[in-house]
Amino acid sequence: LFVLRHARIRNYTTEFESCRLEAVSLEFGDYHPLKPITVTESKTKKMSRKGSTSSTSSSSSSSVMDPLSSVLDGTDPLSLFAATADPVTAAANMVILKRDKEDHLAVGSDFEPWSSKRGEILARYTTTEKLSINLYMGSEKGKVTTPGSAVSEKVRTRLEELDDLEEGSQKELLNLTQQDYINRIEELNQSLKDAWSSDQKVKALKIVIQCSKLLSDTTVIQFYPSKFVLITDILDTFGKLVYERILSMCVDSRVSLPDNFTPESINDTAKETCLNWFFKIASIRELIPRFYVEAAILKCNKFLSKTGISECLPRLTSMIRGIGDPLVAVCARAYLCRVGMEVAPHLKESLNKNFFDFLLTFKQIHGDTVQNQLVVQCVEIPLYLTLYSPAIDWILQCIAYRAPEGLLTEMMERCKKLGNNALLLNSVMSAFRAEFIAARSMDFIAMIKECDESGFPKHLLFRSLGLNLALADPPESDRLQILNEAWKVITKLKNPQDYINCAEVWVEYTCRHFTKREVNTVLADVIKHMTPDRAFEEAYPQLQSIIQKVITYFHDFSILFSVEKFLPFLDMFQKECVRVEVCKCIMEAFIKHQQESTKDPVILNALLHVCKTMHDSVNALTLEDEKRMLAALINGFIKMVSFGRDFEQQLSFYVEARSMFCNLEPVLVQLIHSVNQLAMETRKVMKGNHSRKTAAFVRACVAFCFITIPSLSSIFARLNLYLHSGQVALANQCLSQADAFFKAAVSLVPEVPKMINIDGKMRPSETFLLEFLCNFFSTLLIVPDHPEQGVLFLVRGLLNVIQDYTWEENCDDKIRIYTNVLHLLSAMTQETYIYHVDKVDSNDTLYGGDSKFLAEINKVCETVITQILDHLKTLGKDEALKRQSQLALYFFNTILAHGDLRNNKLNQLSVNLWNLAQKHGFADTKTMVKTLEYIKKRSKQPEMSHFAELALRLPLQSRT
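Residues numbered from 1 in each chain as written. Predicted model: local features only at pLDDT ≥ 70, side-chain atom pairs only at ≥ 80, totals over all residues. Heavy atoms only, no water.

Engineer: I tried to follow the packing of helix H41 (residues 851-874) against helix H42 (residues 881-898) on my own but got confused; where do I start?
Structural biologist: The description of two packed helices rests on the angle between their axes and on the distance between the axes. Viewed as axis vectors pointing N to C, H41 and H42 meet at an angle of 155 degrees, and their least axial separation amounts to 10 Å. For the element pair H41 / H42, the angle class is roughly antiparallel. Two packed elements cross with a definite hand, and for H41 against H42 that hand is left-handed. From H41, Ile865, Ile868, Leu869, His871 and Leu872 reach across to H42, where they touch Arg883, Gln884, Leu887, Ala888 and Phe891. Residues that form the contact of H41 with H42 fall into these classes: seven nonpolar, two polar and one charged. (Axes fitted to C-alpha atoms, helices over the stretch in contact; angles between N-to-C directions. Helix = DSSP H or I, 4+ residues; strand = E, 2+ residues; numbered from the N terminus. Parallel < 35°, antiparallel > 145°, perpendicular 65-115°, else oblique. Left-handed = near helix turned anticlockwise from the far one by under 90°. Contact = heavy atoms within 4.5 Å. Nonpolar A, V, L, I, M, F, W, Y, C, P; charged D, E, K, R; others polar.)

Engineer: Just checking my understanding: could you explain the packing of aromatic side chains for this structure?
Structural biologist: To describe a pair of aromatic rings, one takes the distance between the centres and the angle between the planes. Counted according to the given criterion, the structure contains 36 aromatic pairs. The interplanar angle of 40 degrees and the centroid separation of 5.2 Å between the aromatic rings of Tyr243 and Phe303 together place this pair among those described as tilted. With a gap of 60 residues between them, Tyr243 in helix H9 (residues 224-250) and Phe303 in the loop between helix H11 (287-296) and helix H12 (308-319) connect regions that are remote in the sequence. One exposure class covers both Tyr243 and Phe303, and it is buried. Sitting over the ring of Trp277, Lys280 keeps its end group 4.4 Å from the ring centre. A cation over a ring is seen here: Lys754 above Tyr805, with NZ or CZ 4.5 Å from the ring centre. (Phe/Tyr/Trp six-rings, centres within 6.5 Å; stacked < 30°, edge-to-face > 60°. Buried < 20%, exposed > 50% of the residue type's maximum accessible area, 1.4 Å probe, protein only. Lys NZ or Arg CZ within 6 Å of the ring centre and 35° of its normal.)

Engineer: Before we go on, may I ask you to explain H41 in this structure?
Structural biologist: Counting along an α-helix, one turn takes 3.6 residues, and residues three or four places apart therefore face a common direction. The end-to-end C-alpha distance of H41, which contains 24 residues, comes to 35 Å, matching closely the 34 Å that a straight helix rising 1.5 Å per residue would cover. Three or more residues of H41 are buried, namely Phe853, Leu854, Ile857, Asn858, Val860, Cys861, Val864, Ile865, Ile868, His871 and Leu872. On the buried face of H41, the contacting elements are helix H38 (793-804), helix H39 (813-828), helix H40 (843-847), H42 and helix H43 (904-919). Measuring from the side-chain oxygen of the N-cap residue of H41 to the backbone nitrogen of Lys852 gives 3.0 Å; that N-cap residue is Asp850. (Expected span 1.5 Å × (residues − 1). Polar contact = N/O pair within 3.5 Å; in protein donor to acceptor, adjacent residues only side chain to side chain.)

Engineer: What am I meant to see in helix H7 (residues 178-197) here?
Structural biologist: Between its first and last C-alpha, H7 extends 29 Å over 20 residues, near the 28 Å set by a 1.5 Å rise per residue. For H7, the full list of buried residues reads Gln178, Tyr181, Ile182, Ile185, Leu188, Asn189, Leu192, Ala195 and Trp196. Taken end-on, H7 shows its buried residues confined to a sector of 145 degrees, consistent with a single buried face. Just downstream of H7 lies Asp199, where phi reads positive at about 65 degrees. (Arc of directions from axis to C-beta.)

Spelled out as structure tokens, the structure:
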């Protein structure tokens, strides 16, 4: 019986050889793309000497030339641009760069600015008591003009306006809450800006004076540091406005004043205005507002004299001696340091004098006047002393910035000589360089031990010391003694909050310098202090910080989990959201630092518990991003678990993990992939020859996947995993199991919805379905037919499903799938298939080219071709002609590649498709030309001579 063949006979070996790149033999020492390039550079030098001619010199370089430099011929376009710039501008730029460099040398990025401390102070120093404030109301009384010179009248008027503040132009607001007070201060700040912009300079000055007076009021003393921050914001605004006003008077319409100007370049008008401001401020009667307002415009001295600032700073420092209240005085000193560091950071002598003045008056803090004030306000001395910290810390920071070692030692010795110096000691440890403190750790501990406990709490001192030791290492010989001395004090603390604040800092020191034994002791002590009365519930941030520090220093998780108290420490995190965050932190550290896979039972049990905690936190309200993050962490753990050749133990682990993490779909997907990989590793070990035991094990792996896949909600995840698992089963000679996977995939295709959710957006599913089916067809080539199911039972079943699937009306994916089916059927008719699975007989071996088998394939081919042609006929309407042209050419190329064109029917069909593609002018002429050239080229091959006749029957039509 003669069987009509639609597919051409393929010799895959010959085709592979013809497509392979031509091999070129190279002798040793020849060119290789990875060898260094030797460039020979030819230079032509033109000699300008008299009587000489141009000569050419050649030089060889063994180094690789820079292609960009060679293009530029050694010239940099930016340098050329700079060279052509205006020399005056260039000089100005050089001055600015020089000044910026000098400023950087004075105050660099390593100096912590005041702005970074502002928020912390406002948050820390609060009150619930009622506050009062005086608001400027303006003057309504009339002025009587007296004869005199215009200048005298002007001066007298302004002095009278300033006196208005003392003559009833204020309104006192009482019983303000803290927030009301802050709002009023902000209103004053805005009023200052409004008055200035409306050219009411005297009114602006009055507002600043009024605000400065508020700094003498310590009625609600625990709020004073925050008040200081708010008021000095207004003073800073005023200082900036005055400076910019005077600077604007110096600017000429033609030339602007350089930043590094000298007083000689300032015009007389600007100088007079500047002097006028200083005279106004000098007329302020009260010390505190006069000091603060003058300090605010300290920078304006630059307009008057080169030495103005250096002369004013000592005078202002001396003025502070007249302030009686030590808290008010130290804040004034802090403000002077702040202004001084901004305008003259190089004048450290004045800053040092400021601090030494403070040391001379330090004993006032413990004097009777202060003690009586604290009794009236019911404020304890420890709380009162903390009010000094922001100001003293700032003063010491300014002094210690890039200070020589000798100065720091001198200041430390002076502090040591003072009695009740715990407050100073704390500020020294906060402000000085960590390396300086760490090198003298034992000296500081001795000083701390001598401090009076009733004043500044010792645990705060140890906390400050611990913060330094976290940044710098003490001498190795002192490390254990330092820890013992510190922990003696810390462990005696009764207040849980004080304890945990201090312990949190010293845990890092312990982890940094000691072993798991010492860390275990510290963790046990923390548990002991924080468990009674569930004190840990108020200290979750500190406990989290402790965990973070421990896992930062212990990268070996076998050591970490052998710390006896580590897991009991985790049990203190009773609040679920906090507990989950801690677990995430642990898993991130494990994934980051675990270099090799592990089977350590200690690690596995501990991390399974951690992962289970994360998994159990998932509920209906959990965000998708959170689920993805948790799944990624759990998957990272699963990938790191390996029992080596103990495959059964590995599978048992995966089974346990499936039962624990069933609510996270990405984890289930990972487990299926891992089990498939386990089956393939088993095959690799057995070299494809399974024993009875390994065959049973592989079937167990396959069963795991077959049971797990239906629990997934994503339909394409199920489809792809059915296909992947079927391929694994086939590779392991589990033919019936492979058939079961492929049947399940076929039966699932009708359930594919029209739209699917991709990253939160609805997308058409047909593109994904087309991709899956193409992969499926590639696998079906090597799947042997079931002896009881008939020829091509899987292919026929899949085609029936595709036929019954509801496709979009204006979509051609169905026909593209049918075209890909023709590729499969063409490959199936070959005597030897293009690829096989080792130790699995495909249909080429089972049927051996049997004519009945080929006839069945031809029937399917004819059916599929009929479906394609019917669809092409339906595209004859105007709006679908372009799609018709594209599909016709696509089908033509399929026949060209896979069909036997010696068959008359097929040959005529290809000619018809060619003509249809061009019929309505929608064909891509360039593509058609290249296709025809390809056919003519192929016709020169002996077995393709019939292509020559075909080429003659394929005309190229112009679009016209």
